[in-house]
Amino acid sequence: MRTGVSNFVIRWINLLTMFVAVGVIGFGVWISTHHDGCRRSLTLPVLGLGAVIFVISVVGFLGALKNNSILLWMYLIILFLILLGILVFTVLAFIITNNATGHDVAGLRFKEYRLQDYNKWFRNELNNTHNWKRLRSCLVKSDDCNNLSKRYKTLKQYKSAKLTPIEAGCCRPPSQCGYPAVNASYYDLSFHPVSPIKDCKLYRNSKATKCYNCDSCKAAVAEYMKTEWRVVAIFNVVLFVVLFVIYFVGCCARRNAESSRSKF
């Protein structure tokens, strides 16, 4: 690839990513201004991502603009480490999310999930008291459970509903408990549970309690996390290909810069 072409491409790509980085940092600042603990937990990762993108973009842009082989070497080393990190994370993400499926329940249109079906890493993260306390507070504040009675006015509508994993695992007791539903947000707990599992004893009709301490709720969160991780992993595959192309162009620019220096 000719010197002018490779440098031109690197300059414009990194100028564009600088603007993207500023947008990412701005989004991180916007998140930090909200008092929702669930969103604020993403502040540091988002700001860190924006800062890394901005720094590497500046280094690459200046290296291509000044035809400086040292800056381009720095740019390529950082980009290589990012590529390596993306590759490792993506492989691990596919390994961690490569098991666990929901269980069909007779007479219901949704699946129920069991914590023991998930990868050990998921189980350890969700069984960690500090982690679950934070996640639980997010679930209580969310409208997932509170809106069920508004969306399903009759018991018939509720029983034929296709609930999300969170709604199925955190807003109601597991079906094997055998508690009869009175409506979408209330179960008759006077019945003796059919199953001895601890979730049956932990469930309460209170909006602040529900089944938020149940393993079924943790399993529902694990299913949500698994889906999110899969999306991120697929995105990373695309990102890896794009960055690899940029890395290749950067190598051409670096080689051309060293050739230019050797002529003088």
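Refer to the structure printed above.
Just so it is clear, the structure is predicted and the values come from calculations on it, not from any experiment.

At a closest axis distance of 8 Å, the pairing of helix α3 (residues 43-65) and helix α4 (residues 69-96) adopts a crossing angle of 145°. Two packed elements cross with a definite hand, and for α3 against α4 that hand is left-handed. Contact residues: Val 52, Ile 56, Val 59, Gly 60, Leu 62, Gly 63 and Ala 64 in α3; Leu 71, Leu 72, Met 74, Tyr 75, Ile 78, Leu 79 and Ile 82 in α4. Its residues assigned to classes, the contact of α3 with α4 comprises twelve nonpolar, two polar and no charged.

So, about the environment of Pro 180. The topology assignment puts Pro 180 in the loop between α9 (165-170) and β3 (181-183). We classify Pro 180 as partly exposed; its relative accessible area is 29%. Setting aside anything within four residues of it in sequence, one finds Pro 180 in contact with Tyr 187, Asp 188 and Phe 191.

So, on to unusual backbone geometry. The phi dihedral of Lys 210 is positive, around 40°, even though this residue is not glycine. On the secondary structure map, Lys 210 appears in the loop between α10 (199-202) and α11 (215-263). What makes Lys 210 buried here is its relative accessible area of 3%.

It is worth spelling out the state of the cysteines at this point. Scanning the entire structure with this criterion turns up four disulfides. Two residues share a disulfide in this structure: Cys 170 and Cys 217, whose sulfurs sit 2.0 Å from each other. The disulfide joining Cys 170 to Cys 217 has a torsion of about 90° about its S-S bond and is therefore right-handed. Note that Cys 170 is positioned in helix α9 and Cys 217 in helix α11, a separation of 47 residues in sequence. By relative accessible area, Cys 170 is classed as buried at 0%. Residue classification places Cys 217 among the buried positions, given a relative accessible area of 0%. The partner cysteine of Cys 211 in its disulfide is Cys 214, sulfur to sulfur 1.9 Å. Taking the torsion about the sulfur-sulfur bond, which here is approximately -90°, the covalent link between Cys 211 and Cys 214 counts as left-handed. Side by side, Cys 211 and Cys 214 carry an identical accessibility label, which is buried.

Position of Asn 236 among the secondary structure elements: in helix α11. Sequence-distant contacts of Asn 236, that is, excluding residues within four places in its chain, are made with Ile 86, Phe 89 and Thr 90.

Looking now at the packing of aromatic side chains. Tallying each qualifying case throughout the model produces eight aromatic pairs. Relative to Trp 229, the ring of Trp 121 lies with its centre 5.1 Å away and its plane at 50°, an arrangement referred to as tilted. Pair noted here: Trp 121 is in helix α5 (residues 120-127) and Trp 229 is in helix α11, with a separation of 108 residues, a long-range link. Under the relative-accessibility criterion, Trp 121 is labelled partly exposed at 33%. The exposure class of Trp 229 is buried, given its relative accessible area of 19%. By the ring-pair criterion, three or more aromatic residues cluster together here, those being Phe 89, Trp 121, Phe 122 and Trp 229. Over the aromatic face of Trp 132 sits the side chain of Lys 218, whose NZ or CZ is 5.7 Å from the ring centroid.

As a further point, take the pattern of salt bridges. Within this structure, the stated rule accounts for four salt bridges. A salt bridge links Glu 167 to Arg 151; the nearest nitrogen and oxygen atoms lie 2.5 Å apart. Residue Glu 167 is located in helix α9, and its partner Arg 151 is located in helix α7 (residues 148-151); the two are separated by 16 residues in the primary sequence. One salt bridge in this structure joins Lys 198 and Asp 215, with 3.8 Å as the shortest N-O distance. Here Asp 215 lies in helix α11 and Lys 198 lies in the loop between β4 (186-187) and α10, a separation of 17 residues in the sequence.

Counting 39 residues, the largest nonpolar core has Leu 139 and Leu 163 as the members making the most contacts within it. For this core, the element with the highest residue contribution is α11, accounting for eight residues. If you look at the next biggest cluster of nonpolar residues, it comprises 15 residues, including Leu 79, Leu 243, Val 249 and Ala 253.

This part covers α3. In this model, α3 (23 residues) spans 33 Å end to end at C-alpha, consistent with the 33 Å of a helix rising 1.5 Å per residue. Those residues of α3 that fall on the buried side of the exposure criterion are Thr 43, Val 46, Gly 50, Ile 56, Ser 57, Val 59, Gly 60, Phe 61, Gly 63 and Ala 64. Backbone geometry just after α3 places Asn 67 at a positive phi near 55°.

Analysis parameters
Starting afresh in each chain, residues are numbered from 1 along the sequence in its written order. Restriction of local features to residues with pLDDT of at least 70 applies here, the model being predicted, together with a cutoff of 80 or more for giving and counting side-chain atom pairs; totals for whole chains, interfaces and linings are based on all residues. To obtain the side-chain values, all non-hydrogen atoms of the structure were included, while hydrogens and water were left out. Inter-axis angles, ranging from 0 to 180 degrees, are taken between N-to-C directions of lines fitted to C-alpha atoms, where helices are fitted over the stretch in contact. Put simply, DSSP marks the helices as runs of H or I at least four residues long and the strands as runs of E at least two long, and each gets a number from the N terminus on. In this scheme, a crossing is called left-handed if the near helix is turned counterclockwise away from the far one by less than a right angle; it is called right-handed if the turn is clockwise. Contacts are assigned to residue pairs with any non-hydrogen atoms lying within 4.5 Å of each other. Throughout, the ten residues Ala, Val, Leu, Ile, Met, Phe, Trp, Tyr, Cys and Pro are labelled nonpolar, Asp, Glu, Lys and Arg are labelled charged, and all others, Gly among them, are labelled polar. Partly exposed describes any residue whose relative accessible area lies between the buried limit of under 20% and the exposed limit of over 50%, with all areas from a 1.4 Å probe on protein chains only and scaled to the type maximum. Counting rule for disulfides: a pair of cysteine sulfur atoms within 2.5 Å. Under the pairing criterion, centres of Phe, Tyr and Trp rings, with the six-membered ring standing for Trp, must be within 6.5 Å; the plane angle then separates stacked pairs below 30 degrees from edge-to-face pairs above 60, leaving the rest tilted. Charges are assigned to positions over rings by a cutoff of 6 Å between ring centre and Lys NZ or Arg CZ, combined with an angular limit of 35 degrees from the ring normal. Just to be clear on terms, a salt bridge is a Lys or Arg side-chain nitrogen sitting within 4 Å of an Asp or Glu carboxyl oxygen. Throughout this description, the term nonpolar core refers to a set of buried Ala, Val, Leu, Ile, Met, Phe, Trp, Tyr and Cys residues connected via side-chain atoms within 4.5 Å. One less than the residue count of a helix, multiplied by 1.5 Å, gives the span that helix is expected to have.

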